[in-house]
Amino acid sequence: MQLSFIGGAESVTGSASLLVDERLGVRFLVDCGAHAERGAGFADGAPKLGFDARRLDFVVLTHAHRDHTGRLPQLHRAGFRGPVYCTEATAWMTELALRDAAKFSDEYDAADVELIDFQPLDRRPDFRFDRALRMHGLWLTFHRSAHILGAAAVTVTWRSRVGMERSIVFSGDIGGNTPDNPFQSLLAGQTLPGAADYMVVESTRGAEPAREPHYKSFAARMVAWAEVFADSDARGGGPVIAPCFAIHRAQELLFDLDYVLRTTDTGRPDTTGRPRWLSLDAPLAVRMTDVFAMALAAGSGGPEHAPVYRNPRLAERLGLANEAEVDAHLAALWQRVRLNRAPGGTLRAMRDPALSRMIALAGSGMCQGGRIVDFIVDQIGNPAATIVLCGYAPPDTGAGRLRQLVAGEWPLDRMLALGNARIDPARVQARIVDFGDYYSGHGDIDALARFVFERDARATDTRAATVYLNHGDHDMRTGLAETLRERAAAAQAGDRAIERIELAEMNRIYDLDAADQAWRDRPTPRLNSLGRS
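The rules behind these values
- Residues numbered from 1 in each chain as written.
- Predicted model: local features only at pLDDT ≥ 70, side-chain atom pairs only at ≥ 80, totals over all residues.
- Heavy atoms only, no water.
- Pairing = 2+ DSSP bridges.
- Helix = DSSP H or I, 4+ residues; strand = E, 2+ residues; numbered from the N terminus.
- Axes fitted to C-alpha atoms, helices over the stretch in contact; angles between N-to-C directions.
- Contact = heavy atoms within 4.5 Å.
- 1 Å grid on protein atoms, 1.4 Å probe; cavity = no way out; pocket = protein on both sides within 12 Å on 5 of 7 lines; lining within 4 Å.
- Points joined across faces, edges and corners; volume = space filled by probe spheres on them.
- Nonpolar A, V, L, I, M, F, W, Y, C, P; charged D, E, K, R; others polar.

## So, the sheet that holds strand β15 (residues 386-389)
Strand pairs in the sheet, formed through backbone hydrogen bonds, run parallel or antiparallel to each other. Taken in spatial order, the five strands make up an open sheet running β13-β14-β12-β15-β18, and their pairing is parallel. Looking at which strands have only one partner, the edges of the open sheet turn out to be β13 (277-280) and β18 (431-434). Between one strand and the next, the sheet's axes are offset by a mean angle of 20°, whatever the strand orientation. In the sheet, strand β12 (residues 240-243) pairs with strand β14 (residues 358-362) via four bridges, with the strands oriented parallel. By the bridge assignment, A242 is partnered in β14 with L361. Strand contacts of helix α5 (residues 218-234): β12, β14, β15 and β18, with the helix running at about 165° to β15, the strand carrying the most contacts. Each of β15 and β18 touches helix α12 (residues 398-406); the most contacted strand, β18, lies at about 105° to it.

## Concerning empty space enclosed by the protein
Counting across every chain of the model gives two cavities of 30 Å³ or more. What the largest cavity holds in volume is close to 90 Å³. What lines the largest cavity is a set of 14 residues, and nearest its centre among them are S15, D31, H68, G172 and N470. Of all the secondary-structure elements, those providing two or more residues to the lining of the largest cavity are β2 (16-21) and β11 (198-202). Classifying every residue of the lining of the largest cavity by side-chain character gives five nonpolar, seven polar and two charged. If you add up the space inside the second largest cavity, you get close to 70 Å³. Looking at the second largest cavity, the residues that line it are A146, H147, G176, N177, Q184, L187, H248, R249, E252, Y439, S440 and G441.

See the structure below:
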């Protein structure tokens with residue numbers, strides 16, 4: 001088995017790993033992501049594939065984000081006709097996102113998306129998370145990763161050239177929720193892979209310090225939101241604007257904000273009778289919410305039809321008696337998404353003194369375009385307005401620049417770029433709040449180390465793993481490598497043994513069977529006269 005990183009090895013986007021085994025006659029991709037960096041000539045941020053798509057047998061997706069799925073239509077246009085294996089939620093959301101992106105792409109159109117052969121493995125009656133499925137002469141095992149709805153790490157197992165069983169784990173993107181502390185609202189905690197010879201692990205936030213405990217607390221997050229609204233009212237009750245991603249972040253925010261408005265005084269009308277109300281002005285996010293309604297409902301899959309993704313703490317947090325009441329609560333929440341629209345449009349409502357005490361959610365989460373840029377540009381000079389940044393954004397994005405402004409790291413004589421808009425920092429009067437550490441879907445160093453070192457409790461194999469770090473910039477990957485090497489050297493009781501940790505290199509071919517081949521081809525020891533070697 002040979003592994004090549006054809007995307008994502010030296011950046012945070014474009015994840016795509018090619019695996020080829022000529023002996024087994026199999027050639028496939030794990031993820032096929034687009035690049036967020038939109039270079040000249042690549043309207044959708046997707047460079048040339050760099051391999052013959054017609055020779056691929058199949059693709060495995062870890063989750064629905066564009067940086068892991070965005071080149072699938074390009075792959076199909078280049079001649080790929082095989083199945084795309086993933087979870088059902090990933091298939092639904094990927095198709096919706098790609099159809100939306102096709103409107104703006106000169107690399108593919110909706111017909112290319114329509115012809116992609118999604119085959120959700122969790123629709124199979126024999127599917128279970130953490131249980132291997134025999135496919136294409138290999139075994140595929142999905143592990144819930146708690147990054148977004150439907151997201152999974154994937155273990156690929158095969159027989160090497162000398163008949164040894166070998167396996168490689170692809171983390172995809174790793175979330176922060178654990179079974180003991182599912183602090184993000186909607187998802188259950190991760191499940192972990194077992195023994196492995198190789199691991200490909202993301203490093204998006206790998207060099208950052210572990211987040212403070214309050215960022216990993218549902219209760220603390222709700223208090224933080226209540227304080228934002230109290231401060232907003234003290235400054236005149238202007239609009240609260242939150243950029244959000246259509247996939248998962250919008251739905252998390254809807255749940256959290258609905259909870260805060262129902263359980264604290266900040267949801268009541270102010271002294272003049274103005275209500276505080278919540279509007280999601282993002283058509284794609286509304287369509288994605290329909291997927292959440294199906295995937296988080298009872299009967300959505302798993303043993304005895306338990307909702308396999310749904311956070312088991314929801315009943316407790318909502319003060320409900322049982323899971324049936326949770327079903328009813330969520331169904332009502334998702335229904336309100338379609339009803340809570342700003343009269344005459346969000347911009348008009350934000351400018352109307354009678355309506356401006358509102359919460360406006362819209363995409364894109366990185367403030368690179370879309371309606372959210374219009375809302376921010378309109379209100380950033382309003383001292384009664386609040387802008388809440390709710391997730392990861394690279395420094396060279398609109399949200400990343402706003403985050404630098406909040407931290408005092410943006411030169412005041414330099415214009416702020418948000419999409420096509422340019423804003424003079426001197427014009428900024430709105431309060432900007434950074435909630436990125438409350439909402440980042442990428443786990444911190446504690447979550448990354450947990451994924452690498454802790455194993456499925458049922459695993460008894462103690463083989464050592466080689467770890468390749470991808471999906472991160474240079475500083476994040478090198479910082480994570482240093483931390484992991486230090487822990488590996490300490491050899492804590494119960495930790496997975498680590499053979500070595502490497503930074504993945506683009507287009508280099510890694511022979512995953514080489515060690516077995518070397519073992520088989522080793523010289524036969526010569527015997528001395530006593531029959532001893």
